[in-house]
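Structural description and commentary
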Amino acid sequence: MNTTMRNAGMLIAAAAAVALFSIPSPTPWNPYEISMGERLLPPGTEHWLGTDHLGRDLLARIIAGARPTIGIGLAVLLVSIAIGVPLGLLSGMKGGRTDSIFKPIIDGFMTFPDYLSAIILSALLGPGLMSMLIAVIAVKWVRYARLARSVALAEKEKDYAAMALLSGLSPVRLVLKHILPHAMGHVAALAAADLGKIILLMASLSYLGLGSQPPAPEWGSMLSEGRAYFHAAPHLMLAPGLAVMAAVLLAGFAGNRLRDRYDVKLKGGAE
Amino acid sequence: MLAISKLSIRSGSQELVRSLSLELQDGEWLGLAGESGSGKSLTAAAIGGLLPRPLSCSGSILWNGLELLRLDAKSRRRLLGSEISYVFQDYRNTFTPFLTIGSQLTELLEAHLSLAARDRRQRCLEELEQAGLPAERVFGSYPYQLSGGQLQRAAIAAALLLRPKLLIADEPTTALDSLSSRKVLGLLDAAKSRFGISIIWITHDLRHARRHADRIAVMRTGSIVETGSARQVLEHPAHPYSRRLIASIPPLRREMPERLAASAGLEGEDPLDHPR
Amino acid sequence: MAASIARKVLRLLVFLLGLTFLSFCLLKLVPGDPVRGILRVDEMAATQDQMGGIRKELGLDLPLYRQYGIWLSQLLKLDLGSSYLSGRPVAAEFAEKLPNTLALAAGSLLVMLLVSLPLGALAARHRNRWLDRMSRYMSAAVSSMPSFWLGLLLIDLFAVRLQLLPPMGSEGIASLILPSATLGLSMAALYVGLIRSSLIESGSQEFILSARARGIHPFRIFVRHQLRHSLVPLLTLLGESLASLLGGTVVIETLFNYPGIGKWIVDAVSARDYPVIMGYVLFAALFILLVNRSTEAACRLANPELARKELRHS
């Protein structure tokens, strides 16, 4: 794909994100307002995307759902980074015993695929939004720890780091001023692609009944609710599914852009 | 036997080889010299139809009256490896890394001849022996188990296996240490005198040209600037570019500084270069 | 040699012990009571007495480490306990449901390979042409869909509208097609790209050119030299997707109401059926370790040079 198209894609994504998060309610309908007289209406002129099984406007719910869905995804991502990156940097910089504690933990976590560990963890913790968040964070932080660790290991060996340390710069300052900024580029590239994966993962968990519960207008639980009416009103499933797909695609595009910029070719780094 | 005329190779709008004409006699060793990017390797690849797909070529390459540029895939396959064969610079990747040398040599025989399995094996072993290699061991080895010099000699064994009429050697010695490259050139010399094959020897290094090549063609930016007998070109280069190319040959032995000599010696003893 | 194997086995045991203990603690520390679930199944009005009785019967009143000890000692006798919900031994129920999941996994792998191998090879061959672009856009779209949603679309098309295939259940091969297609397609999206780039990479290798210069038939070059060169990355990804297949089957089995171990675990979670959950955790760990080991072994077989490098490094 050429650069202009990518830039255009990024612009549209940014505009859509800003619109979703800033405009309070772009439709005249209230996403929570139940109106039993208007149940399961097909898409039409009044309700553009139709209504759900409780007569709530679907478009309003999709738009309202963008905030929790993407917002929670972002929050999970940021917490994972906030846990993983410092631990990874610490492990990589300190080496020795610290590293010999962290490395097996990281490797142990990495043995299990995201999907399975998240499902098992939510299963252990019991259904509910909170346990899903914990499960996803527990799965995701390791990737960032591993990435940060390998960046630290690689950078530590470079001449400038040795020079800086020899000339009396404290290791903490070296990390903060040089290695952390370097790591963040790689982290950003991994994170953008990850946001999509997290949204997908949470949608699946919600669908299994392990994640957020109705009546929250979150895309995953909307899909779960809509399933019962799939034959009578397919638009109930189609709309939130397409919304998830669009969000994941956009996150993927952003990830590709960032990866092109910070081409990640670290040993044991990004996937 | 080989006549290239008005050969042009282009990549999009860029002309990489420009209307090149060249002739090769039976049993002649032609050195094709020039710096990298001058189009030597492209010309060599065009003879066997081995150019990468985005490149297109026009003109004519006649092989004993056969137009090579308009050859169908099947006839070209029959020609390659048997009448015309190649040796490349990158000896590490001449053989597929996860197949034994033996299986790749027999694959070549299989592709062109119908022989019993035992005869195929025998042929290969003889040829490896000819190349001065411990035949049985090399036959059963994977490429990574051989040294660079051994690999390149095995590659020459593969190229000579079917007694080709033309051998195209694309910088076969560039990546080798001096001892190994002398052995390789010696093999080519022997093949030329024993079987009377013609050789197109592509090089950017004219050091060995005087001893081995009959004729030299100097290429620059896609065309030949000078051809002549090796002696004539080396001693009385007509074109200023040839003069510069010859002047850049490092003096052999005579005035080599000690440090350089030491490192050259080390090169021969490269620990990576030994079979493991 | 024997010592290193012993060390590996010991490490494996420690890992499993730690994993199961951790899972056990998580299960028990989190609020949620299996007893209520059991009583609800029996449709009795729960009195405190009854609940206490059942709790005692199941050993849930004991301290945590004692409970784990009991579980572990039973495990040594190869007894995973009995499901709270059905009352049947976990191992027996597991053995009954595993073949279904394996059939689904095999079916999805088949679909995945049937779709991604030809598509990846064609995309590599016609690089940057329309077919390549189409396959890239398709892969991006499919891999951005939740897999269960893709499954619903397929159900709607093939089971509801065209009425070609059964939408649910486990009656024969026909009912396996839709779930396998769903899971296989969502995995194939990843593979097409990988196969494409890996074939392009191996196609540009000098040894491919050398083989062409020897007059070897292109098909033979493709199969014997090029495809084999791409095998190691493919095997690695195949191992990874075998492992994540276990997660994928959970979702797909729930969607298609398919009686495999994935559906079983989801049902067990909502009832907090501890023995079943623990059994599943143990199985998942063993399965993944097995898959990883076999992948490594397969890669070494595919590329003898790899085996030698590892030998030198260890």
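Data block above holds the structure.
Keep in mind that this is a model prediction, so the values were computed, not measured. (Residues numbered from 1 in each chain as written. Chains lettered and ligands numbered in written order. Predicted model: local features only at pLDDT ≥ 70, side-chain atom pairs only at ≥ 80, totals over all residues. Heavy atoms only, no water.)

1. Looking at the interface of chain C and chain B
Across the boundary between the two partners, chain C contributes 24 residues, which contact 29 residues of chain B. Inspection of the region where chain C meets chain B yields 2 salt bridges. Of the charged contacts in the structure, one is a salt bridge between Glu107(B) and Arg224(C), with a shortest N-O distance of 2.9 Å. The interface formed by chain C and chain B contains 10 residue pairs in polar contact (both at pLDDT 80 or more). For the side of chain C that touches chain B, the class distribution of residues is 7 nonpolar, 7 polar and 10 charged. (Contact = heavy atoms within 4.5 Å. Salt bridge = Lys/Arg side-chain N within 4 Å of Asp/Glu carboxyl O. Polar contact = N/O pair within 3.5 Å; in protein donor to acceptor, adjacent residues only side chain to side chain. Nonpolar A, V, L, I, M, F, W, Y, C, P; charged D, E, K, R; others polar.)

2. Remarks on the sheet that holds strand β4 (residues 55-63) of chain B
Residue and element names in this part refer to chain B. What the 4 strands build is an open sheet, ordered β2-β1-β4-β5; its pairing is antiparallel. Of all the strands in the sheet, the pair left with one neighbour each is β2 (14-24) and β5 (66-67). Of the strands in this sheet, β1 (2-11), β2 and β4 touch helix α1 (residues 40-47), which is tilted by about 115 degrees from β1. (Pairing = 2+ DSSP bridges. Helix = DSSP H or I, 4+ residues; strand = E, 2+ residues; numbered from the N terminus. Axes fitted to C-alpha atoms, helices over the stretch in contact; angles between N-to-C directions.)

3. Digging into the pairing of strand β3 (residues 29-33) of chain B
All names here are of chain B. When you tally the buried positions in β3, you get 5 out of 5 residues, the bulk of the element. The side-chain alternation of β3 yields two buried faces, one formed by Trp29, Gly31 and Ala33 and the other by Leu30 and Leu32. By the bridge criterion, 5 bridges tie β3 to strand β8 (residues 198-203) in an arrangement that is parallel. Across the sheet, the residue bridging to Gly31 is Trp201, located in β8. Here β3 runs beside strand β9 (residues 215-220); their pairing, made up of 4 bridges, is parallel. (Buried < 20%, exposed > 50% of the residue type's maximum accessible area, 1.4 Å probe, protein only.)

4. A short note on the sheet that holds strand β7 (residues 166-170) of chain B
All names here are of chain B. Spatially, β6-β7-β8-β3-β9-β10 is the arrangement adopted by the 6 strands of the open sheet, whose pairing is mixed. Pairing within the sheet leaves two strands with one partner each, and these edge strands are β6 (84-87) and β10 (223-229). The mean inter-strand angle of the sheet, taken between neighbouring strand axes irrespective of direction, is 15 degrees. Pairing between β7 and β8: 5 bridges, direction parallel. Bridging from a neighbouring strand, Asp170 pairs with Ile202 of β8. On the sheet, α1 packs against β3, β6, β7, β8 and β9 and is oriented at approximately 150 degrees with respect to β8.

5. Section: the interface of chain C and chain A
Contacts between the two partners involve 42 residues from chain C and, on the opposite side, 34 residues from chain A. Surface buried jointly by chain C and chain A totals about 3100 Å² across both partners, of which 81% is contributed by carbon and sulfur atoms. Taken as a group, Ser144(C), Phe148(C) and Trp149(C) account for 20% of the area that chain C buries against chain A, more than any other trio of residues on that side. Counting every contact that joins chain C to chain A gives 0 salt bridges. Our count for the chain C to chain A interface comes out at 1 residue pair in polar contact (both at pLDDT 80 or more). Residues of the side of chain C that touches chain A, tallied by class, amount to 30 nonpolar, 9 polar and 3 charged. (Buried area = accessible area lost by both parts, 1.4 Å probe.)

6. Comments concerning the environment of Gly81(C)
Residue and element names in this part refer to chain C. By secondary structure assignment, the location of Gly81 is in the loop between α4 (64-76) and α5 (90-125). Residues Gly81 and Leu122, 41 residues apart in the sequence, show an inter-C-alpha distance of 51 Å. Apart from residues no more than four positions distant in its own chain, Gly81 is found in contact with Gln74, Pro89 and Val90.

Any functional reading would require information that these geometric values do not contain.
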